[in-house]
Amino acid sequence: MAPLIEPTEIWRLPPSGEIRRYDQWLSPTEQHDLWRHLTGTHIDWHQPLLHVFGRKVSPSRREAWIADPNIQYQYSGQRLKAQPWTTELRQLSTHLFYMFGTPFNAVLLNHYAHGHEQMGWHSDNEPELGRNPVIASISLGAQRDFRFRPKNSAHGAPITMALPAGSLLLMAGDLQHHWEHSLPQRRRVALPRINLTFRRIVESNTSNDRFNGVT
Ligand SMILES: O=C(O)CCC(=O)C(=O)O
Ligand SMILES: [Fe+2]
């Protein structure tokens, strides 16, 4: 990990959202070791079962939720059962704390087997994340496009950026209130990708509407 590098790109998205991307934040060896760790026996992956407008929907991607023991998190009728931190994930979280000053206490892992698997438009704006969440997102494996679009077109035009293996993406400011993001299908992508979003849950035991209508 390279904690003191400058961002490769910065976007300021109105009114006061910010995105920073740090390419090659993880070296190829670190990426390889982390991939092996996450796809070994340490992590219990499962398919999410979301309640979307009264229907049960199971997107084909897989996910895992790692959090401090006291953290409760629920979205779209799904109470996520937290798995304990592994040494490797805790180490990443510590590096991110040195970089951004946010004491992350949870990480959501998403595994996309190939380019048919995707994540629909949403904002990470659940009440548990507090007012202006800082979210740090690490990408491994196949490069995929990531999209942002404003909730109100007065705030700008949609943005598409590639998330290369080993990159770190920071989302901060009021971004989650005014912009949505998605990981669109890319049918020509044959290889898997894993994404880790480090989050700080500030209040527990509240439900929220994340992914309501979104898969
Ligand atoms: O896979 C990604 O890069 C996006 C994940 C995401 O937006 C989320 O977990 O909320
Ligand atoms: Fe998200």
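Along every chain, residues carry numbers that run from 1 in the direction the sequence is written. Here chains are named by letter from A upward and ligands by number from 1 upward, in the order in which they appear as written. Whole-chain, interface and lining totals are the exception, using all residues; otherwise, since this is a predicted model, local features are given only for residues with pLDDT of at least 70 and side-chain atom pairs are given and counted only at 80 or more. Note: side-chain values were computed over all heavy atoms of the structure, leaving out hydrogens and water.

Caption draft 1: Looking closely at the coordination of the iron ion (ligand 2). In this structure, His-122 (NE2), Asp-124 (OD) and His-181 (NE2) serve as the protein donors to the iron ion (ligand 2), at separations of 2.1 to 2.2 Å. Metal sites are built from N, O and S donor atoms within 2.8 Å, or 3.2 Å for Na, K and Ca, and they leave out water, so they may look incomplete. The sequence motif formed by the donor residues of the iron ion (ligand 2) is H-x1-D-x56-H. On the criterion of sequence distance, the pair formed by Asp-124 in the loop between β9 (119-122) and β10 (135-141) and His-181 in strand β14 (residues 179-183) is long-range, its members being 57 residues apart. Pair check on accessibility: Asp-124 and His-181 agree, each one buried. For the purposes of this entry, the term helix denotes a DSSP run of H or I that reaches at least four residues, the term strand denotes a run of E that reaches at least two, and both are numbered from the N terminus. Type-normalised accessible area, obtained with a 1.4 Å probe on protein chains alone, sets the label of each residue: buried when under 20%, exposed when over 50%, and partly exposed for intermediate values.

Caption draft 2: Structural context of the nonpolar core. For our purposes a nonpolar core is just a set of buried Ala, Val, Leu, Ile, Met, Phe, Trp, Tyr and Cys residues, chained together by side-chain atoms within 4.5 Å. Residues Leu-38, Leu-89, Leu-196 and Phe-198 are the most contacted members of the largest nonpolar core, which totals 27 residues. Ranked by the residues each element gives to this core, the list is headed by helix α2 (residues 87-100), at five residues. Residues within four places of Leu-89 in sequence aside, it is in contact with Leu-38, Ile-43, Ile-66, Val-107, Leu-196 and Phe-198. Core analysis: the next-biggest nonpolar cluster, separate from the first, contains 16 residues, Phe-146, Ile-159, Met-161 and Leu-175 among them. Any two residues whose heavy atoms approach within 4.5 Å at even a single point are treated as in contact.

Don't take any of this as a statement about function, it's just geometry.
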